[in-house]
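# Descriptive analysis of the structure
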Amino acid sequence: MKGKIIFLTCFLLISYLVKAENKQVIKISTNDIDLIYKVGDNGRLYQSYLGKKLHHPSDLAYLPQEAEAYLTHGMEDYFEPAIHVVHNDGNPSLLLKYISHTENSISPEISETVITLQDDKYPVTVKLHYIAYTKENIIKTFTEISHQEKKPIELQKYASSMLHLNHSQYFLTEFSGDWANEVNMKEQPLEFGKKILDSKLGTRANMLCSPFFQLSLDQKAEENQGEILVGTLGWTGNFRFTFEIDNKNKLRIISGINPYASEYLLKPNEVFKTPDFYFTYSLSGKGQASRNFHDWARKYQVKDGGKDRMTLLNNWEATYFDFNEEKLVKLMDDAVKLGVDMFLLDDGWFANKYPRSSDHQGLGDWEETADKLPNGIGYLTETAKKKGIKFGIWIEPEMVNPKSELYEKHKDWVIHLPNREEYYFRNQLVLDLSNPKVQDYVFNVVDNLMTKYPDIAFFKWDCNSPITNIYSPYLKDKQSHLYIDYVRGLYNVLDRIKAKYPNLPMMLCSGGGGRSDYEALKYFTEFWISDNTDPIERLFIQWGYSQIFPAKVMCAHVTTWNKNTSIKFRTDVAMMCKLGFDIKLTDMSKNDESYCEQAVKNYNRLKPVILDGDMFRLVSPYGNNHTSTMYVDKAQQNAVVFAFDIHPRYAEKTLPVRLQGLDPDKMYRIKEINLMPGANSSLPNNEKLFSGEFLMNVGLDLFTKQQLNSRIVEITAED
Ligand code: DGJ
């Protein structure tokens, strides 16, 4: 008996100590980074540390308490809060205390920590979720807010994440621009006060600013050096990142849905789940941070991230709206000659009362235009099948032209202000996806096409207008829910499509890169990064998106934009991503055509390296007359280097380009590929054997003094 009592006392004591210990420190870890929280003596939760992994547990006790983890409005903090609620009695404050936390292993490489906080005066609960992807050094965070007050509480702010940093200086890189001018990388030092990156565009949310950032700490990070935090929000709608430096030069980063015009009435027991915020923290510069995201995205996030991608020929730039069956079949022949996998029919194939002969009409009426396509889509899928290629089709199902039968029948499905003149962006309006009936309609656009034409193998899903004339006939007195409920409605539709057609690849498009976030990419295999296909511009745009996204999801097409550049230059640029063509073979000489056919063969051979390998950005197009990027497969057996001379100066000194990511002790044969028919390589030491050590320390003379010259060098390990 006595023994039993001693055992029980010891057990209780140990569990108490363990609990007390757990209560003190909550560690969220990946292989290289730690995010550490502590519970203060006042019972509140504090972020103590974010940075390089700390390996000695005994040190943790000495970590400073630092800032409250998820700061609330109405208490003693003077800066921007993560959350702001108004209770039933009108009290606008919240004081969150630590209640408990759990740590679960989702798999040997993923762990989840959930910290539960509660107000001690009001029945409001906030759960902070952290999912750590160990190998890729990515942490995904989101927040759940719920309550048990009698009536709905009003959420005025509801961040996905709040992070605190304490460094000497901060340098923020934003990715901003416009249509055909996406993701310009601009770096600026942050000073006292706020810098906000956000969007209020609703649907085409990222047209002016993309939902990701890089933040260098203490000094500007380079490709291979410096501490840097890179973050992005998975939300296909209005986002906001707030960077605020306080009087002590401490920085807080608040990430989430943009609460602009979006107060949310949260019902008792309803759980408000914020979107996911993903971040990585690299101790060795931007390149590593990008590779962390690329690996994670392919493995865990992107639809079919581990699967192959199809090369294609798209008719948009080749025909615009001016096509008929004959022209399309001819383009299919071009696709076959080029050796690509698929023909993609773009905008202009639908509507009869108001045929879609321009962007002024027809959106919403998803039936083939009879006089353009008398034999329907079925004839086209059949023809493609006979020619041995796949068939894909363009839709823009969230939108409507006022000149359409849909608008005439269902004005109540359209987001519009009842008592004002309508304002149109690209002659169209946005359908009200907060309305379940509209969700059904949008789902049916895909479902009807798939049911009627099961051979459709691919969709390009476009979205050309931001939300304008903001008023939902469906939401009535809950207008401030529209921006949020729209996106939820969209996900509801995409969930249904994914469930019914799990193997259907889809391209996300929004007048170029107007939608580019990782939540959307759960449903889409790739996205159209820009309508600007001038290869010089693309070098910058691809450089920008590659900071966050792997080549596998970035569509790049060869077109006739910038005819001052050769077909080789244009194709070489597009081959750095997911290759496609948007061009007629009649726009090319025979020589160009054979070059392209060979390029497609090379691309197919190199796809596993480009799409699934590690990417190393070697020379930036920003501030240089040349640029270079390379890809290396995971086994370090095969690599490919792309090098471009944009506008070299007459007397410029060019340096060899030092390669990266190879095995220093392996011997590699270098070989210039993608040469124009009959051309000889001018690459010094072409086809010679080098050690990885040489290639990475001495480098290759890849750049030339020629304007708009490009080179692709294949690198293969030999035993
Ligand atoms: C905008 C897209 O970005 C283009 O690729 C094309 O599909 C057009 N819309 C069609 O209207």
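Calculation criteria
- Residues numbered from 1 in each chain as written.
- Predicted model: local features only at pLDDT ≥ 70, side-chain atom pairs only at ≥ 80, totals over all residues.
- Heavy atoms only, no water.
- Helix = DSSP H or I, 4+ residues; strand = E, 2+ residues; numbered from the N terminus.
- Rg over C-alpha atoms; globule rule 2.2 N^0.38 Å.
- Buried < 20%, exposed > 50% of the residue type's maximum accessible area, 1.4 Å probe, protein only.
- Contact = heavy atoms within 4.5 Å.
- Areas by Shrake-Rupley, 256 points an atom, 1.4 Å probe, with all protein chains shown as cover.
- Lys, Arg positive; Asp, Glu negative; His and termini not counted.
- Charge placed at Lys NZ, Arg CZ, Asp CG, Glu CD.
- Salt bridge = Lys/Arg side-chain N within 4 Å of Asp/Glu carboxyl O.
- Phe/Tyr/Trp six-rings, centres within 6.5 Å; stacked < 30°, edge-to-face > 60°.
- Pairing = 2+ DSSP bridges.
- Near = heavy atom within 4 Å.
- Polar contact = N/O pair within 3.5 Å; in protein donor to acceptor, adjacent residues only side chain to side chain.
- Nonpolar A, V, L, I, M, F, W, Y, C, P; charged D, E, K, R; others polar.
- Axes fitted to C-alpha atoms, helices over the stretch in contact; angles between N-to-C directions.

### Re the overall build of the protein
Counting its regular elements, the protein contains 12 helices and 37 strands. The C-alpha atoms of the protein give a radius of gyration of 27 Å, which matches the 27 Å a tight globule of 719 residues would have. Overall, the protein is about 90 × 70 × 55 Å in size when its C-alpha atoms are taken along their principal axes. Out of the 719 residues belonging to the protein, those deemed buried represent 62%. A separation of at least 24 residues holds for 69% of the contacts in the protein among residues at least 6 apart in sequence. Just so you have it, the protein exposes about 28200 Å², and 51% of that area is on carbon and sulfur atoms. Across the protein, 84 positive and 94 negative side-chain charges occur, with their mean positions spaced 2 Å apart.

### A short note on the pattern of salt bridges
According to the stated counting rule, one finds 43 salt bridges in the structure shown. Here glutamate 66 and lysine 250 are joined by a salt bridge, their closest N and O atoms 3.1 Å apart. Here glutamate 66, found in the loop between strand 3 (45-52) and strand 4 (67-68), pairs with lysine 250, found in strand 18 (residues 250-257); they are 184 residues apart in sequence, far enough to count as distant. Note on glutamate 66: relative accessible area 29%, which makes it partly exposed. Residue classification places lysine 250 among the partly exposed residues on the basis of a relative accessible area of 28%. Residues lysine 460 and aspartate 346 are paired through a salt bridge, measuring 2.8 Å at the closest nitrogen-oxygen approach. Pair noted here: lysine 460 is in strand 27 (residues 456-461) and aspartate 346 is in the loop between strand 23 (342-345) and helix 5 (376-386), with a separation of 114 residues, a long-range link. Through salt bridges with shared partners, a single ionic network connects Glu80, Lys157, Lys194 and Arg240.

### Points about the packing of aromatic side chains
Enumeration over the complete set of coordinates arrives at 40 aromatic pairs. Here tyrosine 133 and tryptophan 296 contribute two aromatic rings whose centre-to-centre distance is 6.0 Å and whose plane-to-plane angle is 75°, an arrangement assigned as edge-to-face. With a gap of 163 residues between them, tyrosine 133 in strand 8 (residues 124-133) and tryptophan 296 in helix 2 (residues 285-301) connect regions that are remote in the sequence. Owing to a relative accessible area of 6%, tyrosine 133 belongs among the buried residues under this scheme. When its relative accessible area of 0% is taken as the criterion, tryptophan 296 is described as buried. When the ring of tyrosine 518 is compared with that of phenylalanine 549, the centres are 4.7 Å apart and the planes differ by 50°; the resulting orientation is tilted. Taken as a pair, tyrosine 518 in the loop between strand 28 (506-508) and strand 29 (526-528) and phenylalanine 549 in the loop between helix 9 (535-545) and strand 30 (554-558) lie far apart in primary sequence, 31 residues in all. When its relative accessible area of 0% is taken as the criterion, tyrosine 518 is described as buried. For phenylalanine 549, a relative accessible area of 0% translates into the label buried. What links up through ring pairs into an aromatic cluster is the set Tyr133, Phe175, Phe212, Tyr278, Phe293, Trp296, Tyr300, Tyr518, Phe527, Tyr545 and Phe549.

### As for the sheet that holds strand 2 (residues 33-39)
The four strands lie next to each other as 1-2-3-4, forming an open sheet whose pairing is antiparallel. Looking along the sheet, the strands with just one partner apiece sit at the ends: strand 1 (25-29) and strand 4.

### Considering unusual backbone geometry
For alanine 351, which is not glycine, the phi torsion reads 80° and is therefore positive. Examined against the element boundaries, alanine 351 turns out to sit in the loop between strand 23 and helix 5. Under the relative-accessibility criterion, alanine 351 is labelled buried at 1%. For asparagine 469, which is not a glycine, the phi torsion comes out positive at approximately 50°. Tracing the backbone shows asparagine 469 in the loop between strand 27 and helix 8 (482-500).

### Focus on the site of the ligand
Around the ligand lies a shell of 13 residues, among which Asp346, Asp347, Lys460, Asp462 and Asp531 are the nearest. In the environment of the ligand, an oxygen atom lies 2.6 Å from a nitrogen or oxygen atom belonging to the side chain of aspartate 347. Separating an oxygen atom of the ligand from a backbone N or O atom of glycine 512 is a distance of 3.1 Å. Burial of the ligand by the protein amounts to 97% of the accessible area it has alone, namely 290 Å². Grouping the amino acids of the shell around the ligand by side-chain chemistry returns four nonpolar, three polar and six charged.

### Section: the sheet that holds strand 18
Spatially, 11-18-17-14 is the arrangement adopted by the four strands of the open sheet, whose pairing is antiparallel. Lying at the two open borders of the sheet, with one neighbouring strand each, are strand 11 (161-166) and strand 14 (193-198). If you compare each strand with its neighbour and ignore which way they point, the axes differ by 15° on average. Direction of pairing for strand 11 relative to strand 18: antiparallel, over a ladder of six bridges. Across the sheet, the residue bridging to leucine 163 is isoleucine 253, located in strand 18.

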